[in-house]
Amino acid sequence: MKYRHHPGTVTPRTPQFPKWALQEIHSILKEKQVNLQKIKESSKALTCHLNNRHPPLEQFEVPAKLEKVENRLNAINTGQRISIEDVDFHKNGIARKILKQNIYNWQPIKFDKLTCLTYLAGRSVQNYAVSHKIFSEIKLRDKDFKPQTLFDFGSGVGTVMWAASEIWSNTLQEYFCVEPSEFMIELSERLAKAAKPKIKEVFSRQYFPISTNRTYDIVVSAHTLFELPGLESRLDAILKLWTKTENYLIIVEEGTNAGFKLVNEARDIILRYTKRRSETQCAHVFSPCPHDLRCPRLASDDTPCNFSVLYHPLQFLGGRKHQSELYSYVVLKKLKRPEDDEQWPRIVRTILKRSNHAICRMCTANGHLKEEIFTKYKHGRHMYRCARDSEWGDRLPLHYEQQESLERDEKRDETICETATKNENT
């Protein structure tokens, strides 16, 4: 066995950004007479904004937030107790600062021409790498899946389309893209025409289609949920996407705490919805979770369940070294979990490699987080090497029920040997 390519690995580690896309993006920026230094700076600012975003505050959350502001103001005030109703935030700078720290002022991004070009230059490589890695795992694990149609909700410049057309170039025939921004659609259509291999039928719309009869083999919502104005609109969009799904629904967001919570929210909505309608619909989590239970990361601590992918930044913008992109995602499949599903544990953090042992943090099939120290003595040479050569996001070809049974058998054998030795001596 080649341990770096054991059955649980997800390859490629660093998806190569298409050369045709690199050339076309450079041509577009040149035609629009965009200053490369300025677009590089605005790309960094956009990325920073995306990584610090939070979903809009719901109305029922406002009183608790205002109470926190009131308590903070009274903690620093030495005089008479302050009521939040009496505070003039326009005149009181300290109160205004505390309010901003506790209440996020959500606004949708206005994708005008300059913002669309900034997004194209600053986010297309990362978004392509994330989509390519997710699709690669689907193709690796579901070899009989040959999709013909794809629905992309919030398609942007078309990076999901590029990755899917490269992986399933022989079977994908039709792409349906929903994108509110006219400028984004213009960029997406131009890039789709330059694509290699050729992207076939592409239909772009600014609004979600009214008809619910048509379904698609793959439905994707990538980096879109933050743009929706609240929980109700997210719930409506997710259920609509599920009705459009024939096989796989993929939800992707930034790998921040806020992004992870939105992905997990979508995961729970679909699993609860299908549980109530078990006679007509079924669903299970294809990846990254090896189970359909409550997320143990959300239950145990306040860190996101996210993953990392390496990518090559655009060279004409000064990118030289590999960089990593953090993302949170879920892939839901519209079927019951097969009885022969491997349900191997997923590595959810970087592996700590030490002398003669490797420490893996994993999410297991029983819905728990587990930290395991792999050694040659305890797990055998093959399992130890597989663990040591794996990376964050891979699955380990191991069933913990079997492993625990083996450990019990080993302890029993050791006890029998010790008893036999004592009897011989006596």
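Our structure is the block above this text.
Residues numbered from 1 in each chain as written. Predicted model: local features only at pLDDT ≥ 70, side-chain atom pairs only at ≥ 80, totals over all residues. Heavy atoms only, no water.

1. A word on the overall build of the protein chain
Phase 1: Helices and strands together make up the secondary structure of the protein chain, namely 13 helices and 12 strands.
Phase 2: Over its C-alpha atoms, taken along the principal directions, the protein chain stretches across nearly 90 × 70 × 50 Å.
Phase 3: Taken over 426 residues, the protein chain has a buried fraction of 50%.
Phase 4: Of the roughly 23200 Å² of accessible surface on the protein chain, a fraction of 50% belongs to carbon and sulfur atoms.
Phase 5: Positive and negative charge centroids in the protein chain, built from 66 and 54 side chains respectively, lie 5 Å apart. (Helix = DSSP H or I, 4+ residues; strand = E, 2+ residues; numbered from the N terminus. Buried < 20%, exposed > 50% of the residue type's maximum accessible area, 1.4 Å probe, protein only. Areas by Shrake-Rupley, 256 points an atom, 1.4 Å probe, with all protein chains shown as cover. Lys, Arg positive; Asp, Glu negative; His and termini not counted. Charge placed at Lys NZ, Arg CZ, Asp CG, Glu CD.)

2. With respect to the nonpolar core
Note on soluble globular proteins: their nonpolar side chains tend to be buried together.
Phase 1: In this structure, F135, I138, W162, W168 and I250 are the most contacted members of the largest nonpolar core, which totals 64 residues.
Phase 2: Contact partners of F135, with chain neighbours within four places excluded, come to L150, V160, A163, A164, I167, W168, I218, V220 and I250. (Core = buried A, V, L, I, M, F, W, Y, C linked by side-chain atoms within 4.5 Å. Contact = heavy atoms within 4.5 Å.)

3. A closer look at helix 7 (residues 182–194)
The α-helix winds at 3.6 residues per turn, so residues separated by three or four positions along the chain end up facing the same way.
Phase 1: The end-to-end C-alpha separation of helix 7 is 19 Å, in line with the 18 Å expected for 13 residues at 1.5 Å each.
Phase 2: M184, I185, L187, S188, L191 and A192 are the residues of helix 7 that are buried. The buried residues of helix 7 occupy an angular sector of 165 degrees when projected down its axis, which confines them to one face. Residues of helix 7 that are exposed and point more than 90 degrees away from the buried face comprise E182 and K193.
Phase 3: Of the surrounding elements, those touching the buried residues of helix 7 are helix 1 (19–31), helix 5 (113–141), helix 6 (159–167) and strand 3 (201–205). (Expected span 1.5 Å × (residues − 1). Arc of directions from axis to C-beta.)

4. Description of the environment of L150
Phase 1: Here L150 is to be found in strand 1 (residues 149–153).
Phase 2: For L150, a relative accessible area of 0% corresponds to the buried category.
Phase 3: Placed 210 residues apart in sequence, L150 and C360 show a C-alpha to C-alpha distance of 35 Å.
Phase 4: Setting aside its immediate chain neighbours within four residues, L150 contacts F135, V160, A164, L172, E174, Y175, F176, Y216 and I218.

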